[in-house]
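Listed below are the residues making up each chain.
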Amino acid sequence: MSLIPIYEFKCGECGCVFERLVPVAYAETPACAECGGTQVKKLFSSFGFASGGKSGFGAGCGPCTSTNCGTCGH
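Now for a look at the structure at hand. (Residues numbered from 1 in each chain as written. Predicted model: local features only at pLDDT ≥ 70, side-chain atom pairs only at ≥ 80, totals over all residues. Heavy atoms only, no water.)

Once that is clear, we can look at a nonpolar patch on the surface. Taken together, the side chains of Ile 4, Ile 6 and Leu 21 present a nonpolar region at the surface, about 310 Å² in accessible area. Examined against the element boundaries, Ile 4 turns out to sit in the segment before β1 (6-11). (Patch = residues over 30% accessible without salt bridge, like charges linked within 9 Å, V, L, I, M, F, W, Y side chains within 5 Å. Areas by Shrake-Rupley, 256 points an atom, 1.4 Å probe, with all protein chains shown as cover. Salt bridge = Lys/Arg side-chain N within 4 Å of Asp/Glu carboxyl O. Helix = DSSP H or I, 4+ residues; strand = E, 2+ residues; numbered from the N terminus.)

This is the structure we're talking about:
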């Protein structure tokens, strides 16, 4: 089973934010889903995970075990 990550992108031409499944070996940045523009940047996004029957976002920061970085204080 191979995993294909979902990346979030923002178009520099129209401002559209969209998600796309992008295989790791795929080097090209996709065109904008809205306007077809090519000035697209990959955004730094949080991610979901599952571990031990629990799920949350992110992996905590440093010694923090919070699953909500907005309340963690780091």
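On we go.
The next thing to look at is the sheet that holds β1. Strand order across the open sheet formed by three strands is β2-β1-β3, with antiparallel pairing between neighbours. Each edge of the sheet is formed by a strand with only one pairing partner; in this case those strands are β2 (17-21) and β3 (40-42). For this sheet, the mean angle separating the axes of adjacent strands, direction not counted, is 35°. The sheet contact formed by β1 and β2 spans five bridges and is antiparallel. The residue bridging Phe 9 from the neighbouring strand is Phe 18, located in β2. (Pairing = 2+ DSSP bridges. Axes fitted to C-alpha atoms, helices over the stretch in contact; angles between N-to-C directions.)

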